[in-house]
Amino acid sequence: MSDREPPRRRVPGPAKPARSGGAQRRPGPGARPARRPARPRPGAPAAIRLGSPRPRLRMVSLALTLVLLAFVVRLLQVQGVDASTYAAKAEKNRYVGYTLAAERGGITDRNGVALATSVDAYDITADPTLFSREQLKIDDGPEQAAALLAPILGQDQEKIVNKLRPANPNLRYTLLASRQTPQVWKQIKDLKTALATKAETDKSAVNVLAGVLSVASSKRVYPNGDLAAGILGWVNADGKGGGGVEQQLNKALSGKDGEIRYAQSGGRQVPTVNATETPAVPGSDVELTIDRDIQWAAQNAITKQVEESRADRGYVIVQDTRTGEILAMANSPGFDPNDLSEASSANMGNAALQDAYEPGSTAKVMSMAAVLEENVATPGTHVIVPNRLHRGDRLFKDDIDHETWYLTLNGVLAKSSNIGTILATGQLGKTQRQSNKVLYDYLRRFGLGSYTGLGFPGETPGILAAPDKWSTSQQYTIPFGQGLSLNAMQAASIYSTIANGGVRVEPTLVRGTEGPDGQFTEAAKPKKTRVVSAKTARTLAQMLESVVDDREGTGTKARIPGYRVAGKTGTANRVDPATGKYRGYTSSFAGFAPADNPRITVYCAIQNATQGNYFGGQICGPIYKQVMEFALKTLQVPPTGAKSAKLPVAYKP
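Residues numbered from 1 in each chain as written. Predicted model: local features only at pLDDT ≥ 70, side-chain atom pairs only at ≥ 80, totals over all residues. Heavy atoms only, no water.

Q: Could you give an account of the overall build of the protein, with specific residues and numbers?
A: Looking only at helices and strands, one finds 20 helices and 24 strands in the protein. Across the 653 residues in the protein, those meeting the buried criterion constitute 45%. By sequence separation, contacts in the protein at least 24 residues apart represent 73% of the contacts at least 6 residues apart. Within the structure as shown, the protein displays about 35,300 Å² of accessible surface, and the carbon and sulfur contribution to it stands at 51%. (Helix = DSSP H or I, 4+ residues; strand = E, 2+ residues; numbered from the N terminus. Buried < 20%, exposed > 50% of the residue type's maximum accessible area, 1.4 Å probe, protein only. Contact = heavy atoms within 4.5 Å. Areas by Shrake-Rupley, 256 points an atom, 1.4 Å probe, with all protein chains shown as cover.)

The structure is reproduced here in C-alpha cells:
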C-alpha cells in the first residue's frame, strides 16, 4: 500500500447568483467557455414543465367566497329580516295551548235539590307528532297505541289510529275522547307509567302512549234520571245545551272558558319555563220553580196511565195560581239524559210545550167566561138543549144521545154539552159573525195563538185563525174546543187565570240564578194581564165546582175529600200527526183547588188512549185527584172548610 495521499477531489462551490438586470458576465482570458445546453436527441420525449397554480387558487378562493357570502346573506335573512317569523314558528312548536273548560252551573229545584250537576272528568287528548316514526323509531306506533286505548275508551281502534296519524303531519293536538271519568284517565295514566318504566330498563321497548295527555274537564250528570228530563234537556258532545233549560240558558250555565299555555318537550310540560294561564269563569247556578217531589208525583201518575191506556203520550202540569210558577211539568214517555243512546228522538223534547192539539171541552170555560163577562147570561139562565142541532153545514150532537135537556147555563158546563155551548155563545153578538169576533177576542186574552212567555226551545203558540177565516163549521166547533189548537201549558194557564181572579200571569219556570260570586239574581217578574173581572172569575169557579161535585157532572172522579175542587173534563177528536186526519181522542181534565181560595192548578192530557176508557173524566180525572192531593199536602194547603154554592144544573120546564 502506497504512503502517498490520494489526490483531493474538487468539490464544486455554491453557484453565484446572476447579476441584476439579467446581464451575463463575459468570460475572461483563460476562463472556460460556457457550456451550451444539450440539445434533445432526435426521437427523445419532451421535458414536462409544471403549470402555474395561481389560476386554480383564484377559482377556489372565488368559490369559497361565494359560499361564505351565501351563508352570510342567509344568516342575515334569518336573524335580521325574518327573525320574528322564525321565532313565531319556534314558539308555536315549543309551546302548547289548551282550553280550560269552565265548570257548568248546576240546576236545582225551588228547594235547592240538585236536578243537574257537573262532576270532574277528563278530555283525553294526544299530540300526533309524538307517534311518528321519527319520534318512536317504529312504524306502527299509532296502531300499537290504538290497540291499548280502544278497550279503555270504548271506541273503534281504526278511529283512534286515524286521529293519531292525521292527514296534516304538523298537527299537534287531537281529541280522542271527551268527558271521561277519572277512573278512565287513571287506567291510561297507569298504563303510561308501566310502559315508561319498561322503556327505561329495556332499551328495545317503546312507550307508545307518551303522547297521550289529558285536560281537566267536567261531565254533566242528572241525579234523578229521567225526572223532569223534558224540562232540563241535555248537554251535547260539544258541552252545549241540546234542549230544555240547558239550551235555553246555555250562556248563563256555560260560564267562560279559560286558557293555559306552556312549554313542552316530549309531550310533557317544562317546569322551568313560565306558563301563562287565563282562569275559567264558572257558570251560574239556575234555580227552577218546580218542586222535585211534586214533579215525581206527576210523572209517576201520568206514566202509569199512559202505559195502562196504551196511549201515544201524556202530560201533567202543576202551577201555582197566584205566582204563575210551574211546580211540575211531566211528560210520558220520557228519556234519561244520562244515556241518550237509549233515548228515542220523538221523546227527547218537552211535549207539554211542543205538542199542538185540539183541547175539546176543557176550552168551554173560555166560552162561558165570554158569555158571563158580556152579561148575555148568568149561571141560572135556562138553556133548552135538543138531541141534535143543525148549524151551517153540519148536524151537531153531544157525546151521548139524550132527550131534550132543560139545563141552566151552569148545567151546560157541568154536563159538558156541545149544543148548549153553541147556543150560549150565539148570544155574544147580533149576528154569528159578531159573535165570532167577540169570542175570538176572549180566546186571545186567555193566551191562545201566542207563546206562553216561557221562551222555551221548540214551544208552539198553537193555532187560532182570525175570525174572518173561520170555516162554516169552525164557527160552531171552536166554542166547544174543536177547530183550534193549543199546548198543555196554555191549557193550564187558562184555569190558573180563572183561579187568580181573572188575571193572567205569564207562567214562569226559572226563579233566578246564582253567579260565581254567590249573588242570587231573581228572574224578571212575569207579565200580568186582566182577562175577565173578578166577579166573572168567582162565578166560573162556582160553576166548575158543579162539574166535580154534582152527581150529574162529568168530573166526579176528581173529588178530593175535605177540599172544594173546581174542574172540567175534555174529550176531543184528535188529529193524527202522521196522517193529518182525525183518529183517536185527546182526553183531558183541568181544574184548581181549593175552589173558593185557589192555590194550585193541575192539568192532565192523554193522547190516543187505545185500551180501556178514553173519556177525559174517566182516565184523567183520577190523575188530577192523585197529583192535586199530593201537591196540597206537600205545600201544606189546608181545606177552607166553606161549603160550595151548589148551583143548579137543570130546571123543570
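Q: Give me the lowdown on a nonpolar patch on the surface, citing residues and values where you can.
A: Taken together, the side chains of L62, L66, L69 and V73 make up a nonpolar region of the molecular surface, amounting to roughly 390 Å² of accessible area. Tracing the chain through its elements places V73 in helix 1 (residues 54-81). Exposure remark for V73: the relative accessible area of 47% places this residue in the partly exposed category. (Patch = residues over 30% accessible without salt bridge, like charges linked within 9 Å, V, L, I, M, F, W, Y side chains within 5 Å. Salt bridge = Lys/Arg side-chain N within 4 Å of Asp/Glu carboxyl O.)

Q: Mind laying out the pairing of strand 3 (residues 114-126), listing which residues take part and the relevant values?
A: Strand direction decides the pairing type here: strand 2 (residues 107-108) and strand 3, joined by two bridges, are antiparallel. Across the sheet, I107 pairs through a bridge with A116, a residue of strand 3. Between strand 2 and strand 3, which pair antiparallel and follow one another directly, the connecting turn spans five residues, one of which, G112, has a positive phi of 85°. In this sheet, strand 5 (residues 212-221) lies alongside strand 3 in antiparallel orientation, the contact comprising 10 bridges. If you follow V119 over to strand 5, its bridge partner there is K219. Across four bridges, the pairing between strand 3 and strand 4 (residues 174-180) is antiparallel. Following the sheet pairing, T125 is matched in strand 4 by L175. (Pairing = 2+ DSSP bridges.)

Q: Can you lay out the side chain of Q474 for me, pointing to particular residues and giving the numbers?
A: Along the polypeptide, Q474 turns up in helix 16 (residues 474-477). Overall, Q474 belongs to the buried group, its relative accessible area being 18%. A polar side-chain atom of Q474 sits 2.9 Å from the main-chain amide nitrogen of S471. (Polar contact = N/O pair within 3.5 Å; in protein donor to acceptor, adjacent residues only side chain to side chain.)

Q: Could you give an account of the sheet that holds strand 24 (residues 600-607), with specific residues and numbers?
A: As summarised here, the arrangement of the five strands in space is 13-12-24-23-22, forming an open sheet in which the pairing is antiparallel. Where the open sheet ends on each side, the last strands, each with one partner, are strand 13 (326-332) and strand 22 (566-575). Neighbour-to-neighbour, the strand axes of the sheet open up by a mean angle of 10°, direction not taken into account. Alignment of strand 22 against strand 23 (residues 582-593), held across nine bridges, turns out to be antiparallel. Looking at strand 23, one finds that V575 is bridged to Y582. Sitting on the sheet, helix 20 (residues 621-634) is in contact with strand 12 (313-320), strand 22, strand 23 and strand 24, with an inclination near 30° to strand 23. (Axes fitted to C-alpha atoms, helices over the stretch in contact; angles between N-to-C directions.)

Q: Describe the packing of helix 12 (residues 364-373) against helix 18 (residues 534-549), naming the residues involved and giving the relevant values.
A: As a packed pair, helix 12 and helix 18 sit with axes 10 Å apart at the nearest point and diverge in direction by 135°. Taken together, the axes of helix 12 and helix 18 are oblique relative to one another. Seen from above, helix 12 lies across helix 18 with right-handed handedness. Counted together, V365, M368, A369, L372 and E373 of helix 12 and T536, T539, L540, M543 and L544 of helix 18 form the full contact between these two elements. Of the residues contributing to the contact of helix 12 with helix 18, the split by class is seven nonpolar, two polar and one charged. (Parallel < 35°, antiparallel > 145°, perpendicular 65-115°, else oblique. Left-handed = near helix turned anticlockwise from the far one by under 90°. Nonpolar A, V, L, I, M, F, W, Y, C, P; charged D, E, K, R; others polar.)

Q: Give me the lowdown on helix 14 (residues 418-425), citing residues and values where you can.
A: Within helix 14, seven of the eight residues are buried, which leaves it mostly tucked inside the rest of the structure. Those residues of helix 14 that fall on the buried side of the exposure criterion are N418, I419, G420, T421, I422, A424 and T425. The backbone nitrogen of I419 has a side-chain oxygen 3.5 Å away, supplied by the residue at the start of helix 14, namely S417.

Q: So what about the side chain of N487? Which residues, and what values?
A: Examined against the element boundaries, N487 turns out to sit in the loop between helix 16 and helix 17 (488-499). For N487, the side chain forms a polar contact with the main-chain oxygen of T460, separated by 2.8 Å. A distance of 3.0 Å separates a polar side-chain atom of N487 from the backbone nitrogen of M489. Sequence-distant contacts of N487, defined by excluding residues within four places in its chain, comprise A352, L353, D355, Y357, T452, E459 and T460.

Q: Residue-level account of empty space enclosed by the protein, with values.
A: Enumeration according to the criterion identifies four cavities of 30 Å³ or more in this entry. Its volume calculated, the largest cavity comes out at about 90 Å³. Considering the residues around the largest cavity, the lining is formed by 16 residues, among which A229, G230, N331, P333 and G334 are closest to the centre. Elements with a contribution of two residues or more to the lining of the largest cavity: helix 7 (229-232), helix 10 (292-309) and strand 13. Element by element, the count of residues in the lining of the largest cavity is highest for strand 13, at three residues. Its residues assigned to classes, the lining of the largest cavity comprises seven nonpolar, seven polar and two charged. (1 Å grid on protein atoms, 1.4 Å probe; cavity = no way out; pocket = protein on both sides within 12 Å on 5 of 7 lines; lining within 4 Å. Points joined across faces, edges and corners; volume = space filled by probe spheres on them.)

Q: Which residues make up the packing of aromatic side chains, and what are the values?
A: Within the structure shown, the criterion is met by 10 aromatic pairs. Ring centres of Y406 and Y651 lie 5.9 Å apart, and the angle between their planes is 80°; this geometry places the pair in the edge-to-face category. Within this pair, whereas Y406 is found in strand 17 (residues 405-408), its partner Y651 is found in the segment after helix 20, the two being separated by 245 residues in sequence. Considering the side-chain rings of F589 and Y624, the 4.8 Å spacing of their centres and the 50° angle between planes classify their relative orientation as tilted. You can see F589 sitting in strand 23 and its partner Y624 sitting in helix 20, a full 35 residues away along the chain. For Y624, a relative accessible area of 0% gives the class buried. An aromatic cluster is present here, built from F396, Y476 and F480 joined pairwise through their rings. (Phe/Tyr/Trp six-rings, centres within 6.5 Å; stacked < 30°, edge-to-face > 60°.)

Q: Talk me through the nonpolar core; I want residue IDs and the actual numbers.
A: Core analysis: the largest hydrophobic core is formed by 89 residues, its most contacted members being L288 and M329. Among the elements that make up this core, the one with the highest residue count is helix 17 (eight residues). Counting 32 residues, the second largest nonpolar core, distinct from the first, contains A298, A328, A593 and V627. (Core = buried A, V, L, I, M, F, W, Y, C linked by side-chain atoms within 4.5 Å.)

Q: Which residues make up the confidence of the model for the protein, and what values do they have?
A: The predicted model of the protein averages 89 in pLDDT, with 88% of residues at 70 or higher. Across residues 18-24 the pLDDT falls below 50, and counting only partners more than four positions away or on other chains, this stretch makes one contact in the model. (pLDDT = per-residue confidence, 0-100.)

Q: Give me the environment of I463: which residues, what numbers.
A: For I463, the position within the fold is in the loop between helix 15 (432-445) and helix 16. A residue is classified by how much of its surface remains accessible, and I463, at 56% relative accessible area, is exposed. The residues touching I463, leaving out its near neighbours within four places in the chain, are L484 and S485.

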